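So you can see what is in the structure, the chains are spelled out below.
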Amino acid sequence: MHILKKPTWFIPDRDATDENIYRSRRDLMKLGIAGAATLALPTQSFSGTSPYKPLKHTKSDIYKGQDLDITDYDNASAYNNFYEFSLEKKDPKKLAHTLKPEPWTIEITGEVQKSFTIDINTVFNSFPLEERVYKFRCVEAWSMVVPWVGFELSYLLKKAGLTSKSKYVSFVTKHDPSMFPEQKGSSLFGNIPFPYREGLRIDEAMHPLTLMTVGMYGKRLPNQNGAPLRLIVPWKYGFKSLKSIVKIEVTEHEPISTWHRMNANEYGFYANVNPKVSHPRWSQKKERVLGKFFKEETFIFNGYKKEVASMYKDMDLKKFI
Ligand SMILES: Nc1nc2c(c(=O)[nH]1)N[C@H]1C(S)=C(S)[C@@H](COP(=O)(O)O)O[C@H]1N2
Ligand SMILES: [Mo]
């Protein structure tokens, strides 16, 4: 295999400071989210139009207590990290048409009472889909606020049944070089150990904020955002939120996490958003919300401290990064 001097997952520093992408060319929708928790989101009025099929969701559970401006659809679907396509954030939108989100099945297996495989259409039709607005923050100091449509991962895990050995959950992206060009392994990033894998501890996986999403802005996920099914863990850096998942494996031991394996001193297993712990190449104190010009302060656990801090109360967050 071709070994490059610069590690292949290398994120150029300019991506942490790229100003152009953040200049909004249109007025941002100002949705009064706080206090409107019971109103259905008027998805058709989001700025930018998703061409994807609408999803029937049974309830809109806009996350309470947040005062966040929703990111323009065109920004959220045009500035993506999806290394199976490219290292450049503007490329997945252009290249992701090779991903075929149907037919698609997801296998739930490992340390569970009963393994099973589920078809994506069963997921679309039989899980109680909700629309929830979560802030999503990348380790490279950019963020976006997206109305994700999905269901709690805990539904799937409970369906499989946990055992005393169910300590972690490992997620695997589909491996199919005909859909994902960078998986061919002959290219510049040929030494990322595809398929991409990520993991969570079981309490994190069972947490109600952890969503399996099938859509955003009321429609199915665009390919570049991880169709047909991806994880969203809003209090962690974006790389934990694996896209285009085909396998969910419950394990007894801490599973492999692709970024952690590629560079243990830059990315830890936990990857909780923490402004006090800088990335070796940039600060994590501030972030730039896509579509906005000024940087904003980053909050511990991405603002979800009240909900998640108790899971880490006995851990040194500077050690377990
Ligand atoms: N399969 C897969 N999942 C992935 C990635 C990837 O390269 N491949 N990138 C991760 C990273 S680094 C980020 S920041 C988010 C980006 O999600 P978005 O494009 O929807 O903003 O997806 C995560 N999930
Ligand atoms: Mo990321």
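Structure: see above.
This section reports on the structure supplied with the text. This structure is a prediction, so every number in the text was calculated from the model and none was measured. (Residues numbered from 1 in each chain as written. Chains lettered and ligands numbered in written order. Predicted model: local features only at pLDDT ≥ 70, side-chain atom pairs only at ≥ 80, totals over all residues. Heavy atoms only, no water.)

**Quick look at the overall build of the protein chain**
Phase 1: Each helix and strand in the protein chain was counted, giving eight helices and 13 strands.
Phase 2: For the protein chain, the residues scored as buried account for 58% of the 321 residues in total.
Phase 3: Across the protein chain, every contact between residues at least 6 apart in sequence was considered, and the portion connecting residues at least 24 apart equals 74%. (Helix = DSSP H or I, 4+ residues; strand = E, 2+ residues; numbered from the N terminus. Buried < 20%, exposed > 50% of the residue type's maximum accessible area, 1.4 Å probe, protein only. Contact = heavy atoms within 4.5 Å.)

**Digging into the nonpolar core**
Phase 1: Core analysis: the biggest nonpolar cluster contains 85 residues, and Trp148 and Ile248 have the highest contact counts within it.
Phase 2: Sort the elements by how many residues they give to this core and strand 5 (residues 142-152) lands first, with seven residues.
Phase 3: Non-local contacts of Trp148, meaning those with residues more than four positions away in its chain, are made with Glu130, Glu131, Arg132, Tyr134, Phe136, Leu211, Thr213, Gly215, Met216, Leu221, Arg230 and Ile232. (Core = buried A, V, L, I, M, F, W, Y, C linked by side-chain atoms within 4.5 Å.)

**A closer look at the pattern of salt bridges**
Side chains that carry opposite charge are capable of pairing whenever their charged atoms lie near each other.
Phase 1: Applying the stated criterion across every chain, the model contains 14 salt bridges.
Phase 2: Across the pair Glu249 and Lys247 runs a salt bridge, and its minimum N-O distance is 3.9 Å.
Phase 3: The partner of Arg281 in a salt bridge is Glu266, with the nearest N and O atoms 3.2 Å apart. Highlighted residues: Arg281 in the loop between helix 7 (258-262) and strand 12 (286-289) and Glu266 in the loop between helix 7 and strand 12, separated in sequence by 15 residues.
Phase 4: One salt-bridge network, in which partners are shared between bridges, spans Asp69, Lys292 and Glu296. (Salt bridge = Lys/Arg side-chain N within 4 Å of Asp/Glu carboxyl O.)

**What to know about the sheet that holds strand 2 (residues 105-110)**
Phase 1: The five strands are arranged 3-2-11-6-7 in an open sheet whose pairing can be described as mixed. Only two strands of the sheet have a single neighbouring strand rather than two, namely strand 3 (116-119) and strand 7 (197-201). Strand-to-strand, the axes of this sheet are offset by a mean angle of 15 degrees, without reference to chain direction.
Phase 2: Pairing of strand 6 (residues 168-173) with strand 7 involves five bridges; the strand directions are antiparallel. Looking at strand 7, one finds that Tyr168 is bridged to Arg201.
Phase 3: In this fold helix 5 (residues 153-160) packs onto strand 2, strand 3, strand 6 and strand 11 (245-251), with an angle of close to 60 degrees to the strand it touches most, strand 11. (Pairing = 2+ DSSP bridges. Axes fitted to C-alpha atoms, helices over the stretch in contact; angles between N-to-C directions.)

**Remarks on the site of ligand 1**
Phase 1: The immediate surroundings of ligand 1 are formed by 18 residues, with Asn80, Tyr83, Glu84, Tyr196 and Lys243 found nearest.
Phase 2: Here an oxygen atom of ligand 1 and a side-chain polar atom of Asn225 are 2.9 Å apart.
Phase 3: Lys243 places a polar side-chain atom, nitrogen or oxygen, 2.6 Å from an oxygen atom of ligand 1.
Phase 4: When the free accessible area of ligand 1 is taken as 540 Å², the share hidden by the protein chains comes to 99%.
Phase 5: Its residues placed into classes, the shell around ligand 1 shows nine nonpolar, six polar and three charged. (Near = heavy atom within 4 Å. Polar contact = N/O pair within 3.5 Å; in protein donor to acceptor, adjacent residues only side chain to side chain. Areas by Shrake-Rupley, 256 points an atom, 1.4 Å probe, with all protein chains shown as cover. Nonpolar A, V, L, I, M, F, W, Y, C, P; charged D, E, K, R; others polar.)

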